[in-house]
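# Breakdown of the fold
What follows is each chain in one-letter form.
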Amino acid sequence: MERTGFEPFGEQLVSATDAQPKSRASKLLLRAGTTLFWSLVAGIVLARAAFFEPGIYDGFSRVASLAKNLIF
């Protein structure tokens, strides 16, 4: 009989063999989903770097200093 493991918060631990995809199609879908996710992450980071405007938050700092002067 196999012992079932639990983590500190009471969730049942899943063994490494249970977490692996069983069929070739599920492995392909897992790889495609992972590739799509990381491609989107890289695209967002590169777009942010390409279109970054350093002075965009200057208006916020003026409003924050005005609010600080009004409060204190």
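Here the residue numbering is sequential within each chain, running from 1 through the sequence in written order. Given that this is a predicted model, residues contribute local features only at a pLDDT of at least 70 and side-chain atom pairs are listed and counted only at 80 or more, while totals for whole chains, interfaces and linings are drawn from all residues. Heavy atoms from the whole structure form the basis of all side-chain values; hydrogens and water molecules are not counted.

Okay, the overall build of the chain next. Of regular secondary structure, the chain possesses three helices and zero strands. The helix and strand labels rest on DSSP assignments: H or I over at least four residues marks a helix, E over at least two residues marks a strand, and numbering proceeds from the N terminus. Overall, the chain shows an N-to-C arrangement of helices and strands of α-α-α. The Shrake-Rupley method, run with a 1.4 Å probe sphere, supplies the accessible areas, and residue values consider only the shown protein chains as cover. Taken as a whole, the chain presents about 7300 Å² of accessible surface, with 66% of it coming from carbon and sulfur.

This part is about helix α3 (residues 58–71). In this scheme, a helix's expected span is set at 1.5 Å multiplied by one less than its residue total. With 14 residues, α3 extends 20 Å between its outermost C-alpha atoms, agreeing within 8% with the 20 Å of an ideal straight helix rising 1.5 Å per residue. For α3, a buried count of zero out of 14 residues is recorded, marking the element as mostly open to its surroundings. The buried label applies to any residue whose accessible area, calculated with a 1.4 Å probe on protein chains only, is under 20% of its type's maximum; exposed applies above 50%, and partly exposed to all values in between.

What follows covers the confidence of the model for the chain. Any segment with low pLDDT has predicted coordinates that should not be analysed in fine detail. The share of residues in the chain with pLDDT of 70 or more is 82%, and the mean pLDDT across the chain is 81. Known as pLDDT, the predictor's per-residue confidence is scaled from 0 to 100. For the chain, the element scoring lowest by mean pLDDT is helix α1 (residues 16–19), at 56; helix α2 (residues 24–50) scores highest, at 93.

All right, on to the UniProt feature "transmembrane region" (unreviewed entry) in the chain then. UniProt positions are given in the numbering used here, feature names are shortened, and annotations may be inferred rather than shown by experiment. What UniProt calls "transmembrane region" (unreviewed entry) maps, in this numbering, to residues 28–51. Structurally, residues 28–51 is divided into 96% helix and 0% strand, and its ends, taken at the C-alpha atoms, are 34 Å apart.

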